[in-house]
Amino acid sequence: MDRLEAMHVFCSVVEAGGFSKAAQRLGISTSSVTNQVAALEKHFGIRLLQRTTRSMSLTAEGRQCHVQARQLLADMAVLESSLEQAAGKPSGSLRVDMPSSISRNLVAPALPCFIAAYPDISLRLTVSDRLVDMVEEGIDVMLRIGEPQDSSLVARSLLKMDYLCCASPAFVARHGLPRTPQELDQFACLHFLYPKSRQVRPWLFQAGEGEGGDAAYAHTPPAALAFDHIESMIAAAQAGCGIVQALSVSVLQPLREGSLVPVLQPFRTRGPDLWALFHPRQLRAAKVQVFVEFLAQIFREGFNEN
């Protein structure tokens, strides 16, 4: 048994509030999580968790173990970072979390180059759009779209994105093209629903000459269909269901392949930035530095054609 790994799993169970939730966070099976915690209890010869079919709680010894294990894991992370810096060689485990569209369209296809350049880095990549506690979940680098809300984290802007309107060539052949955002009201349009609020995301456009200069304004056409999953919405647009507005990173590949074509290009407007977030103690960690630089490079290359 790797005791440090078992402690990391145990802390994840406590902080996630259950074995299955911890397994999802860690990207491993629930049975593996259960076995790790059981092995830790066997090693110490005490019960750390009281478990029933409906609830889970820490024993007194479990609470003590959780506090000290978290401190031990944090100290180990600091030690690893300082040793990496001293050796000047990026190495060790690197946990990264990012949105699915960023992973699928840009990062995952470029990973063979990173792995070849840094074989001593063990990369664990998870995909989510939710807000997470980087310290609690052991995340080294997190990519998020939009202005960072946590001022305690170091933030680096990696990519400036636009909002683009697109439709399939078949849809355009059947229905033609709108000339202004207001004319979208006469076309079938596909909308994104914010998962928590279930509200439709407004469509944003750049004001034309004489309409307010560089200011952006909202005009949200009636919805033919609405989705709370970006990739499903884009797939429906590729199938000819209607016009969609999405961030440039989400439609990059369909535009290159020709399964989508631009609509209302003169009215495209600036969207949010993509940010890399990491804890201040990771600022000088070699593995974090090289991965963030790798991300910056692939994003520059990925959008050179646009």
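See above for the structure.
Read on for an overview of the structure.

### Section: the pairing of strand β4 (residues 121-127)
In step 1: Relative to β4, strand β3 (residues 92-98) is paired through 7 bridges, and the arrangement is parallel. What sits directly across from S93, in β4, is S122.
In step 2: Note on the crossover from β3 through helix α5 (residues 100-117) to β4: the handedness is right-handed.

### Re the side chain of S128
In step 1: Mapped onto the fold, S128 is located in the loop between β4 and α6 (134-137).
In step 2: For S128, a relative accessible area of 11% puts it in the buried group.
In step 3: There is a polar contact of 3.3 Å between the side chain of S128 and the side chain of R144.
In step 4: With residues up to four places along the chain from it excluded, the contact list for S128 reads D97, M98, P99 and R144.

### Some thoughts on helix α2 (residues 19-26)
In step 1: The set of residues buried in α2 consists of F19, A22, A23, R25 and L26. Buried residues along α2 cover an arc of 160° about the axis, so they all sit on one side.
In step 2: Backbone geometry just downstream of α2 places G27 in the positive-phi region, at approximately 75°.

### Brief notes about helix α9 (residues 248-257)
In step 1: Within α9, the full set of buried residues consists of S248, V249, S250, V251, L252 and P254.
In step 2: In this structure, the buried side of α9 is in contact with α5, β6 (154-167), α8 (230-238), β11 (243-247) and α10 (286-302).
In step 3: Downstream of α9 by a residue or two, G258 has a phi angle that is positive, lying close to 90°.

### Section: the state of the cysteines
Between two cysteines, a covalent bond joining their sulfur atoms is known as a disulfide.
In step 1: This model, assessed by the stated rule, comprises 0 disulfides.
In step 2: Free of any disulfide, C165 has its nearest neighbouring cysteine sulfur in C166, separated by 7.2 Å.
In step 3: With no disulfide of its own, C189 lies closest to C165 among cysteine sulfurs, the gap being 7.8 Å.

### Some remarks on the packing of aromatic side chains
In step 1: In this structure the tally under the stated criterion is 6 aromatic pairs.
In step 2: Here the aromatic residues F114, Y118, F291 and F294 are joined through ring pairs into a cluster of three or more.

### Thoughts on the environment of L184
In step 1: Residue placement: L184 occurs in the loop between α7 (169-175) and β7 (189-192).
In step 2: A C-alpha to C-alpha distance of 9.6 Å links L184 and L264, two positions 80 residues apart in sequence.

### Focus on the packing of helix α1 (residues 3-16) against helix α3 (residues 30-44)
In step 1: Contact pair α1 / α3: the axes reach a minimum separation of 9 Å and the direction vectors enclose 115°. Viewed along their axes, α1 and α3 adopt a mutual orientation that is roughly perpendicular. For the pair α1 and α3, the crossing hand works out as left-handed. Residue-level contacts link R3, E5, A6, M7, V9, F10 and V13 of α1 to V33, Q36, V37, L40, H43 and F44 of α3.
In step 2: Each residue belonging to the contact of α1 with α3 can be placed in one class, and the counts come to 9 nonpolar, 2 polar and 2 charged.

### Details of unusual backbone geometry
In step 1: Backbone geometry at R198 places phi at a positive 65°, although glycine is not the residue there.
In step 2: Positionally, R198 belongs in the loop between β7 and β8 (204-206).
In step 3: Judged by its relative accessible area of 44%, R198 is partly exposed.
In step 4: You will see that L264, though not glycine, has its phi angle at about 55°, which is positive.
In step 5: Mapped onto the elements, L264 comes out in the loop between β12 (261-263) and β13 (269-278).
In step 6: Look at L264 and you get buried, because its relative accessible area is 9%.

### Remarks on the pairing of β6
In step 1: Across 8 bridges, the pairing between β6 and β13 is antiparallel. Directly across from L159, in β13, lies its bridge partner L274.
In step 2: Examined bridge by bridge, β6 and β11 share 4 bridges and lie antiparallel to one another. Note that in β11 the partner of Y163 across the bridge is L247.

### With respect to the environment of L153
In step 1: On the secondary structure map, L153 appears in the loop between β5 (141-145) and β6.
In step 2: Apart from the residues within four sequence positions on either side, L153 is in contact with M134, L277, F278, H279 and P280.

Basis of the calculations
Counting starts from 1 at the beginning of each chain's written sequence and moves along it residue by residue. Restriction of local features to residues with pLDDT of at least 70 applies here, the model being predicted, together with a cutoff of 80 or more for giving and counting side-chain atom pairs; totals for whole chains, interfaces and linings are based on all residues. With hydrogens and water stripped out, all remaining heavy atoms of the structure feed into the side-chain values. Following DSSP output, two strands are said to pair if at least two bridges run between them. Only DSSP runs of H or I covering at least 4 residues are called helices, and only runs of E covering at least 2 are called strands; the numbering of each starts at the N terminus. If you view a crossover with the strands going away from you and the path from the first strand over the helix to the second runs clockwise, you call it right-handed. Buried residues are those whose accessible area, probed at 1.4 Å on protein chains only, stays under 20% of the maximum for their type, while exposed residues exceed 50% and partly exposed ones sit between those limits. Under this definition, polar contacts are N or O atom pairs within 3.5 Å; protein pairs additionally need one hydrogen-donor-capable and one acceptor-capable atom, and for neighbouring residues in sequence, both atoms have to be side-chain atoms. The contact criterion used is simple: two residues touch if any of their non-hydrogen atoms lie within 4.5 Å. Directions are taken from the helix axis to each C-beta atom, and the arc is the one they span. The term disulfide is used for any two cysteine sulfur atoms that are within 2.5 Å. The rule is short: rings of Phe, Tyr and Trp, with Trp giving its six-membered ring, pair when the centres are within 6.5 Å, and they are stacked under 30 degrees, edge-to-face over 60, tilted in between. Each axis is a line fitted through C-alpha atoms, and for a helix only the stretch in contact is used; angles between axes span 0 to 180 degrees, taken between their N-to-C directions. Reported orientations rely on four angle classes, namely roughly parallel under 35 degrees, roughly antiparallel over 145, roughly perpendicular from 65 to 115, and oblique for the rest. Helix crossings fall into two classes, left-handed where the near helix is turned counterclockwise from the far one by less than a right angle and right-handed where it is turned clockwise. As a working rule, the residues Ala, Val, Leu, Ile, Met, Phe, Trp, Tyr, Cys and Pro are called nonpolar, Asp, Glu, Lys and Arg charged, and the rest polar, with Gly in that last group.

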